[in-house]
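Architecture and fold: a report
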Amino acid sequence: MQVFPTKSNLIQTKKSLALASLGYDLLDRKRTIMLKEMMSMIAKAEEVQTKISDTYVEAYRALMRANMACGQRTVMRLAKNVTEKDDVRILYRSVMGVEVPEVTLAKGEARPPFGFYETDSSLDEAYKSFCLVKELTCKMAEIESGAYRLASAIKQTRKRANALKNIVIPNLEATIKFISDYLEEKEREEFTAQKVVKSKKHAD
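Everything numeric in this text was worked out from a predicted model, so none of it was measured. (Residues numbered from 1 in each chain as written. Predicted model: local features only at pLDDT ≥ 70, side-chain atom pairs only at ≥ 80, totals over all residues. Heavy atoms only, no water.)

Looking only at helices and strands, the protein has 3 helices and 2 strands in total. Tracing the protein from N to C terminus, the helices and strands come up as α-α-β-β-α. Expressed as a percentage of its 204 residues, the buried residues of the protein come to 27%. If you take every contact in the protein between residues at least 6 apart in sequence, the share linking residues at least 24 apart comes to 80%. Element-wise, carbon and sulfur atoms account for 56% of the exposed surface of the protein, whose accessible area totals about 14,600 Å². (Helix = DSSP H or I, 4+ residues; strand = E, 2+ residues; numbered from the N terminus. Buried < 20%, exposed > 50% of the residue type's maximum accessible area, 1.4 Å probe, protein only. Contact = heavy atoms within 4.5 Å. Areas by Shrake-Rupley, 256 points an atom, 1.4 Å probe, with all protein chains shown as cover.)

Structural data, given as structure tokens:
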């Protein structure tokens, strides 16, 4: 850094170094916290994915039983009568300044949207299983989106921390050394000059 070697610049550069060091510590701490949160999400994602797979198997088995018990045409007709729901709700929470989504389903009737007189209990089981799949899929979307946002923020934070550690802080330390060395040399020269002046006075 090109600065004029003065005491005021030395003080200012030392302050800048202290701020840069503090900034690096904070960024490193932030990165660690976000990394722990992301690893926790990845562990949850594996658990939820297993549940989704198992629930899909149960849902399709129940659906096959319903097709055999009620007839495939009846099941298809009832399925077409099921209306789409706009019941997905997305809120956000902050993890070290990163907006992480929280996806939930609005609470509604758990009762199947078809009558019992022309259906079998297997169709009820299939309906409940697919509702659970929907909930788990929302949870998976929440986890994957949150993990992606955190991964992106971790990458940016790491870049900033590395820039401070490998560029800014070494430059400031080099500048402090340069100014300190210059001022010490100047003080030695002034001290030597004063001794020469005193020697001359004594000699006169």
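That covers the picture; the talk isn't over yet.
So, about the packing of helix H1 (residues 7-70) against helix H2 (residues 72-80). Where H1 meets H2, the closest approach of the two axes is 6 Å, and the angle between their N-to-C directions is 115°. On H2, the residues that touch Leu 63, Ala 66, Asn 67 and Cys 70 of H1 are Gln 72, Thr 74 and Val 75. When grouped by side-chain class, the residues that make up the contact of H1 with H2 number 4 nonpolar, 3 polar and no charged. (Axes fitted to C-alpha atoms, helices over the stretch in contact; angles between N-to-C directions. Nonpolar A, V, L, I, M, F, W, Y, C, P; charged D, E, K, R; others polar.)

Time to look at the environment of Phe 4. Here Phe 4 lies in the segment before H1. In sequence terms Phe 4 and Phe 178 are 174 residues apart; their C-alpha atoms lie 10.0 Å from each other.

It is worth spelling out a nonpolar patch on the surface at this point. Taken together, Leu 19, Leu 22 and Leu 26 make up a surface patch of nonpolar side chains, about 310 Å² in accessible area. Along the chain, Leu 22 turns up in helix H1. Owing to a relative accessible area of 45%, Leu 22 belongs among the partly exposed residues under this scheme. (Patch = residues over 30% accessible without salt bridge, like charges linked within 9 Å, V, L, I, M, F, W, Y side chains within 5 Å. Salt bridge = Lys/Arg side-chain N within 4 Å of Asp/Glu carboxyl O.)

This part is about the pairing of strand E1 (residues 88-95). Pairing of E1 with strand E2 (residues 98-105), which is carried by 8 bridges, proceeds in the antiparallel orientation. Bridging from a neighbouring strand, Arg 89 pairs with Thr 104 of E2. Counting the residues in the hairpin turn of E1 and E2 gives 2 residues, including Met 96, whose phi is positive at 55°. (Pairing = 2+ DSSP bridges.)

A few words on the side chain of Thr 74. Inspection of the secondary structure assignment puts Thr 74 in helix H2. Looking at Thr 74, the relative accessible area reads 18%, which means it is buried. For Thr 74, the side chain forms a polar contact with the main-chain oxygen of Cys 70, separated by 3.3 Å. (Polar contact = N/O pair within 3.5 Å; in protein donor to acceptor, adjacent residues only side chain to side chain.)

As a further point, take the nonpolar core. Core analysis: the largest hydrophobic core is formed by 16 residues, its most contacted members being Met 34, Met 41, Val 48, Val 98, Val 100 and Leu 150. Going through the elements one at a time, H1, E2 and helix H3 (121-203) are the ones with two or more residues in this core. Looking at which element gives the most residues to this core, the answer is H3, with 7 residues. Leaving out residues up to four positions away in the same chain, Val 98 has contacts with Met 34, Arg 93, Arg 149, Leu 150 and Ala 153. With 11 residues, the next largest nonpolar core counts Leu 27, Ile 169, Ile 176 and Leu 183 among its residues. (Core = buried A, V, L, I, M, F, W, Y, C linked by side-chain atoms within 4.5 Å.)

Let us look at unusual backbone geometry. One non-glycine residue, Met 96, lies in positive phi territory at about 55°. Looking at where Met 96 falls in the secondary structure, it is placed in the loop between E1 and E2.

Enumeration over the complete set of coordinates arrives at 3 aromatic pairs. Taken together, a centroid distance of 6.0 Å and an interplanar angle of 15° make the contact between Tyr 56 and Tyr 60 stacked. One end of the pair is Tyr 56 and the other is Tyr 60, both in helix H1 and 4 residues apart, which spans about a single turn. Under the relative-accessibility criterion, Tyr 56 is labelled partly exposed at 34%. Judged by relative accessible area, Tyr 60 falls into the partly exposed class, the value being 45%. Measuring from ring centre to ring centre gives 5.3 Å for Tyr 60 and Phe 130, while their planes differ by 90°; the resulting arrangement is edge-to-face. Of this pair, Tyr 60 sits in helix H1 while Phe 130 sits in helix H3; the two residues are 70 residues apart in sequence, bridging distant segments of the chain. Overall, Phe 130 belongs to the partly exposed group, its relative accessible area being 28%. Aromatic ring contacts, followed pair by pair, group Tyr 56, Tyr 60 and Phe 130 into a single cluster. (Phe/Tyr/Trp six-rings, centres within 6.5 Å; stacked < 30°, edge-to-face > 60°.)

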